[in-house]
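Topology and contacts: notes
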Amino acid sequence: MLSEIGEICKIKKVSGYSPQIGHLVSMMNYARFTTLNEVKGLNIDQLDFMYNDNSNSIGALLWHIAAVEFGFQTEIFEGRMPNREEVEEWQAAYGLGEIGRNKIKGKSLEFYINKLNDVRQRTLEEFKKLEDSWLYIEREWEGHLSNNYFIWFHVFEDELNHRGQIRWLRKRMGEYEEG
């Protein structure tokens, strides 16, 4: 795995981005790299596995990661909340829970990776248009004064949290399959 990682373990300037936005992109790239390594090769049954009646599946967590990023894209880059069609597409993944357990299943790993990649591509394109000062523009987030830097940190922090859940589920899936 070390040879696969290469330059991904360095927080550095990234060509096409202002310096600090490039650092943010470096961190987001590492988070995504490690998430994708955790799910490599999973089949539909494994992606749909739920530890119990209250857990989320790995597939649902992957789609949720994309949904969180999509939600912030819509709010921050477009200055609006998702419209009716977007809510219908993303609601189960964003909210998870019962609605996610009922609606998110039977999808291939390619489906989830495409969602992740499509959303991330837009973020990267938008970031190229911005300067570092944009990171410090303040905005409200969940009733607290925040800034764009924190919000995009939260995007990949949320991904890392769910990557931990994916690892936990994979370990339990192994126990489940063996038991």
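The notes below deal with the structure included here. Model, not experiment: these values are computed from the prediction. (Residues numbered from 1 in each chain as written. Predicted model: local features only at pLDDT ≥ 70, side-chain atom pairs only at ≥ 80, totals over all residues. Heavy atoms only, no water.)

1. Considerations on the overall build of the protein
Looking only at helices and strands, one finds eight helices and two strands in the protein. Sequence-ordered secondary structure for the protein, helices as α and strands as β, is α-α-α-α-α-α-α-β-β-α. Its C-alpha radius of gyration of 17 Å places the protein within 12% of the 16 Å reference for a compact globule of 179 residues. If you line up the protein on its principal axes, its C-alpha atoms span 55 × 45 × 25 Å. Sorting the 179 residues of the protein into buried and exposed places 45% on the buried side. Taking as baseline every contact in the protein between residues at least 6 positions apart, the subset at least 24 positions apart corresponds to 72%. Accessible surface computed for the protein: about 10000 Å², of which carbon and sulfur atoms make up 50%. Charged side chains of the protein number 22 positive and 29 negative; the gap between the two group centres comes to 3 Å. (Helix = DSSP H or I, 4+ residues; strand = E, 2+ residues; numbered from the N terminus. Rg over C-alpha atoms; globule rule 2.2 N^0.38 Å. Buried < 20%, exposed > 50% of the residue type's maximum accessible area, 1.4 Å probe, protein only. Contact = heavy atoms within 4.5 Å. Areas by Shrake-Rupley, 256 points an atom, 1.4 Å probe, with all protein chains shown as cover. Lys, Arg positive; Asp, Glu negative; His and termini not counted. Charge placed at Lys NZ, Arg CZ, Asp CG, Glu CD.)

2. What to know about the side chain of Asp158
Mapped onto the elements of the fold, Asp158 is located in helix α8 (residues 148–178). The contact partners of Asp158, leaving out residues within four places of it in the chain, are His64 and Val68.

3. A closer look at the environment of Tyr149
As for its position among the elements, Tyr149 is in helix α8. In the structure, Tyr149 is positioned 16 residues away from Ser133 in sequence and 9.7 Å away in space, judged by C-alpha atoms. Discounting chain neighbours no more than four positions away, the residues touching Tyr149 are Gln20, Leu24, Leu135 and Tyr136.

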